[in-house]
Amino acid sequence: MNYKAIYGPVKFNKVKEKRYAEVIDKLRDVRKVQMAHQEINRSYAKNFDQLLRFLDTADFVITQRRDTTYLDKEYAKNYGVDKYIDDYVVDTLGFKKVKDSLFGKSDRYKTMMEVPFTDGKQMKMNAGLIDIKGVNTPVFKVEVPKEWILADQDKDLLNQEMQTKSVDGINGESIIVGSMDEISTSGNWPTTYGKQN
């Protein structure tokens, strides 16, 4: 019993950290796609079907910005003095598929919504607008309940984990990226799982 009391939490933590790392990798992928969706469409996708359709069809525009200077002829005509205006020109060089930019040759995006270690559960996702000082601002939130990820583990340890409040742990009952209450694309995981972006 002493061995189980000591080894049980150690084993649970190893399983938990391995599984959380895989889920967080998928959440990072979802965040990348959501940010690309927002950059191109000025909104976040509300569901994974919309996100996958976006990946299959959307292109990034590849542009080049060049600084230029030209003579203000009107000013020269009126005042007899040369005046130059600084400006810039944006050239479109081409297009690149969003899917290729974010994932290269990998097709892992097709399963990014599937929660590992579950029997086919999908992440919960929501998107919408919030009012920030009178301006409607797009936001999104994706979450995975801890109890889905650790359903086959010791129930007492799982309950303790869901009540975690610490600096080096994932606080709360879910692993989350984004927020429906504030402008944020951060996750609620600590840096031990890698940098946020």
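The coordinates are above.
So, here is what we can say about the structure in this document. (Residues numbered from 1 in each chain as written. Predicted model: local features only at pLDDT ≥ 70, side-chain atom pairs only at ≥ 80, totals over all residues. Heavy atoms only, no water.)

Here we take up the overall build of the protein. Tallying secondary structure elements over the protein gives 6 helices and 5 strands in all. When the helices and strands of the protein are read in sequence order from the N terminus, they spell out α-α-β-α-β-α-β-β-α-α-β. On C-alpha atoms alone, the protein measures out to a radius of gyration of 24 Å, which is more than a quarter above the 16 Å that the 2.2 N^0.38 rule sets for 197 residues. Seen along its three principal axes, the alpha-carbon backbone of the protein occupies a region of about 95 × 35 × 30 Å. Relative to its 197 residues, the protein shows a buried fraction of 37%. In the protein, of all internal contacts separated by at least 6 residues, the share reaching a separation of at least 24 is 61%. Just so you have it, the protein exposes about 12700 Å², and 49% of that area is on carbon and sulfur atoms. A distance of 3 Å separates the average location of the 32 positive side-chain charges in the protein from that of its 30 negative side-chain charges. (Helix = DSSP H or I, 4+ residues; strand = E, 2+ residues; numbered from the N terminus. Rg over C-alpha atoms; globule rule 2.2 N^0.38 Å. Buried < 20%, exposed > 50% of the residue type's maximum accessible area, 1.4 Å probe, protein only. Contact = heavy atoms within 4.5 Å. Areas by Shrake-Rupley, 256 points an atom, 1.4 Å probe, with all protein chains shown as cover. Lys, Arg positive; Asp, Glu negative; His and termini not counted. Charge placed at Lys NZ, Arg CZ, Asp CG, Glu CD.)

Ordered in space as 3-4-5, the 3 strands form an open sheet in which the pairing is antiparallel. Every other strand in the sheet has two partners, leaving strand 3 (124–132) and strand 5 (174–178) as the edge strands with one partner each. Averaged over all pairs of adjacent strands, the angle between their axes in this sheet comes to 25°, without regard to strand direction. Examined bridge by bridge, strand 4 (residues 135–145) and strand 5 share 5 bridges and lie antiparallel to one another. Paired with Pro145 across the strands is Ser174, a residue of strand 5. (Pairing = 2+ DSSP bridges. Axes fitted to C-alpha atoms, helices over the stretch in contact; angles between N-to-C directions.)

Okay, the pattern of salt bridges next. Here the structure, examined in full by the defined rule, presents 11 salt bridges. Between Lys16 and Glu161 there is a salt bridge, with its nearest N and O atoms 3.2 Å apart. You can see Lys16 sitting in helix 1 (residues 2–41) and its partner Glu161 sitting in helix 6 (residues 155–162), a full 145 residues away along the chain. Ionic pairing is found between Lys141 and Glu143, a salt bridge with its closest N-O pair at 3.8 Å. What makes Lys141 partly exposed here is its relative accessible area of 26%. Salt bridges sharing partners connect three or more residues here, namely Lys16, Lys146 and Glu161. (Salt bridge = Lys/Arg side-chain N within 4 Å of Asp/Glu carboxyl O.)

In this structure, Leu27, Val142 and Ile175 are the most contacted members of the largest nonpolar core, which totals 41 residues. Secondary-structure elements contributing two or more residues to this core are helix 1, helix 2 (48–57), helix 4 (98–103), strand 3, strand 4, helix 5 (146–149), helix 6 and strand 5. When residues in this core are grouped by element, the largest group, 8 residues, is from helix 1. (Core = buried A, V, L, I, M, F, W, Y, C linked by side-chain atoms within 4.5 Å.)

All right, on to the pairing of strand 4 then. Strand 4 sits mainly inside the fold: 8 of its 11 residues count as buried. Once strand 3 ends, the chain turns through 2 residues before running back antiparallel as strand 4, passing Lys133 with a positive phi of about 50°.

It is worth spelling out the environment of Arg65 at this point. By secondary structure assignment, the location of Arg65 is in strand 1 (residues 59–71). Taking the C-alpha atoms as reference points, Arg65 and Lys96, 31 residues apart in sequence, are found 17 Å from one another. With sequence-adjacent residues up to four places away left out, Arg65 is seen in contact with Tyr88, Val89 and Val90.

Another aspect to go through is unusual backbone geometry. Phi is positive for Phe117, close to 70°, though the residue is something other than glycine. Phe117 sits in the partly exposed class, given a relative accessible area of 35%.

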